[in-house]
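Chain by chain, the residues run as shown.
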Amino acid sequence: MAEPKNVYTFADLKDWASVTKKLETPARIAVFGDPVEHSRSPQMHNPALEAGGNDCQYVRLHIKEDELIEALGLLKDAGFLGINVTIPHKGGVFDQVEVATDVASRIGAVNTVVVEGDQLVGHNTDAPGLKRAIREQFSVDLTDLRIMIIGAGGGAGKAAAVQCAMDHCDRLVLVNRTLEKAEALKEELVELMADPDKLEGPASRLVAIPWEEKAMEHELEQIDLIINATSLGMKRTDPEIVPQRLIEPHHLVYDMVYSPSRTRLMVAAEAEGAKAANGLSMLLWQGVLAYEFWFNKEAPVDAMRKGLEDSL
Ligand code: NAP
């Protein structure tokens, strides 16, 4: 019996039965991405598949943009139960699925697909995964918070913003280097944020501002939770996401980045007496929710958490 490859290709998918016939456990779930070799999802899901008594394993599939449509069309006949989707395919998969959930449609991105008969059903578990992560890390709910999302122009920032708006958080401040993207997102969220039970205070409940110190300083006084959804923070040479002097002890700081495990933003927040957490919990909970969509049963969360922690 053979071990699975670290990364399979589109050519492998086209001949899946024969390429994987020597595997002890059939490969019936995968993550699609380009690149994909960095994905920790197999290390998180395979212990869960084993602990849950599911006779299948999870592998990486390197799928390029021009291969995506055909690759999705091959899933059913290759015996897949579903897939996860990572960069750059979340929008492309949303365009292809026959059915998409409300949250996936609002974000315009799918990170989890379930093969249901002849249909591909698209979910987005990044958004509710963030919600669960905030609950777990800080023992609070999005609905009760005034939230600043930095990086509101990207896919993760949009997923976070849609979830915050769906939960009618107290305030939502969208920050982005390219202001036009934050402003466009703000327009999309106006209706969703409307909540007759939450009165407009002196500061508007939905704001878009540029990623500039002065503008952030003005808003941060009325913020409880700061979320980093930019791609900054993985490299030592990356600039500061929020100037340290603007972080106050009452702030909760959630960095979607999880490598390094103590990010520069977390170090700065903790130095100012604020609580801080990295993005590992979001990765975990989006995976837990994906598992529950594939198998329609409770996920073995502890096995997933351990698999993820061991992978770091
Ligand atoms: P993305 O779509 O490429 O968006 C990147 C965002 O970062 C944009 O808002 C962009 O601003 C901003 N940005 C990039 N470089 C910048 C710079 N030099 N200065 C200021 N802003 C900059 O990426 P994504 O998919 O949303 O992912 C964002 C981050 O979230 C990544 O680190 C990713 O690993 C992480 N993530 C974590 C999880 C998790 O489970 N923990 C899940 C999803 C994503 P512009 O619009 O101005 O370009």
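Procedures and definitions
- Residues numbered from 1 in each chain as written.
- Predicted model: local features only at pLDDT ≥ 70, side-chain atom pairs only at ≥ 80, totals over all residues.
- Heavy atoms only, no water.
- Helix = DSSP H or I, 4+ residues; strand = E, 2+ residues; numbered from the N terminus.
- Buried < 20%, exposed > 50% of the residue type's maximum accessible area, 1.4 Å probe, protein only.
- Contact = heavy atoms within 4.5 Å.
- Phe/Tyr/Trp six-rings, centres within 6.5 Å; stacked < 30°, edge-to-face > 60°.
- Domains from an automatic or database assignment.
- Buried area = accessible area lost by both parts, 1.4 Å probe.
- Salt bridge = Lys/Arg side-chain N within 4 Å of Asp/Glu carboxyl O.
- Polar contact = N/O pair within 3.5 Å; in protein donor to acceptor, adjacent residues only side chain to side chain.
- Near = heavy atom within 4 Å.
- Areas by Shrake-Rupley, 256 points an atom, 1.4 Å probe, with all protein chains shown as cover.
- Nonpolar A, V, L, I, M, F, W, Y, C, P; charged D, E, K, R; others polar.
- Arc of directions from axis to C-beta.
- Pairing = 2+ DSSP bridges.

1. Here's the deal with the side chain of threonine 86
Within the secondary structure, threonine 86 is located in the loop between strand E4 (82-85) and helix H5 (90-96). For threonine 86, a relative accessible area of 17% corresponds to the buried category. Residue contacts for threonine 86: discarding those within four places in its chain leaves Val31, Phe32, Gly33 and Val36.

2. Some details on the packing of aromatic side chains
Within this structure, the stated rule accounts for four aromatic pairs. Relative to phenylalanine 80, the ring of tryptophan 16 has its centre 5.4 Å away and its plane inclined at 35°; by these criteria the two rings are tilted. Pair noted here: tryptophan 16 is in helix H2 (residues 16-19) and phenylalanine 80 is in the loop between helix H4 (68-74) and E4, with a separation of 64 residues, a long-range link. With centroids separated by 4.8 Å and ring planes inclined at 50°, the aromatic side chains of tyrosine 291 and phenylalanine 295 adopt a geometry described as tilted. Placement of the pair is tyrosine 291 and phenylalanine 295 together in helix H12 (residues 280-295), with a separation of four residues, close to one helical turn.

3. A short note on the domain arrangement of the chain
A common measure of how large an interface is: the accessible area buried when the components associate. Parsing the chain into structural domains produces domain 1 (8-124 + 283-311) and domain 2 (127-278). On a C-alpha basis, the centres of domain 1 and domain 2 stand 28 Å from each other. Contact residues are listed per partner, giving 12 residues for domain 1 and 15 residues for domain 2. Regarding the contact of domain 1 and domain 2, the summed buried area is about 1200 Å², with carbon and sulfur atoms giving 63% of it. The largest per-residue losses of area from domain 1 upon contact with domain 2 belong to Arg106, Ile107 and Trp285, which jointly make up 47% of the total buried on that side. Remark: the boundary between domain 1 and domain 2 carries one salt bridge. Here arginine 305 ties to glutamate 136 by a salt bridge, and the two come within 2.9 Å at their closest N and O atoms. At the junction of domain 1 and domain 2, the tally comes to three residue pairs in polar contact (both at pLDDT 80 or more). Listed by contribution, the elements that provide at least two residues to the side of domain 1 that touches domain 2 are helix H6 (102-107) and H12.

4. Some thoughts on the pattern of salt bridges
Counting across every chain of the model gives 15 salt bridges. Across the pair aspartate 118 and lysine 76 runs a salt bridge, and its minimum N-O distance is 3.2 Å. Of this pair, aspartate 118 sits in the loop between strand E6 (112-116) and strand E7 (119-123) while lysine 76 is found in the loop between H4 and E4, placing the two residues 42 residues apart along the sequence. In this structure lysine 76 comes out as partly exposed when scored by relative accessible area, which is 42%. Residue lysine 214 pairs with glutamate 217 through a salt bridge whose shortest N-O separation is 3.5 Å. Here lysine 214 pairs with glutamate 217, and both are found in helix H10 (residues 213-220), just three residues apart, close to one helical turn. Residue glutamate 217 is classed as partly exposed on the basis of its relative accessible area, which comes to 25%.

5. Overview of the site of the ligand
Near the ligand, the surroundings consist of 22 residues, among which Ala156, Asn176, Arg177, Thr178 and Lys181 are the closest. Threonine 230 has a polar backbone atom sitting 3.5 Å from an oxygen atom of the ligand. A total of 930 Å² of accessible area belongs to the ligand in isolation, and the protein chains cover 77% of it. Mapped onto the shell around the ligand, the elements with two or more residues apiece are helix H8 (155-166) and H12. Considered class by class, the residues forming the shell around the ligand number 11 nonpolar, nine polar and two charged.

6. Here we look at helix H13 (residues 301-311)
Of the positions making up H13, those classed as buried are Val301, Met304, Gly307, Leu308 and Ser311. For H13, the angular spread of the buried residues around the axis is 130°, confining them to a single face. Among the exposed residues of H13, those oriented more than 90 degrees off its buried face are Asp302, Lys306 and Asp310. For H13, the secondary structure elements touched by its buried residues are helix H3 (41-51) and H12.

7. Side note on the pairing of E7
For E7, the buried fraction is high: four of the five residues fall into the buried class. Two strands pair when backbone bridges link them, and E6 and E7 are joined in this way by five bridges, in the antiparallel orientation. Residue pairing in the sheet places threonine 112 in a bridge with histidine 123 of E7. Taking the residues that link successive antiparallel strands as the turn, the E6-E7 hairpin has two residues, and the phi of glycine 117 there is positive, at about 60°.

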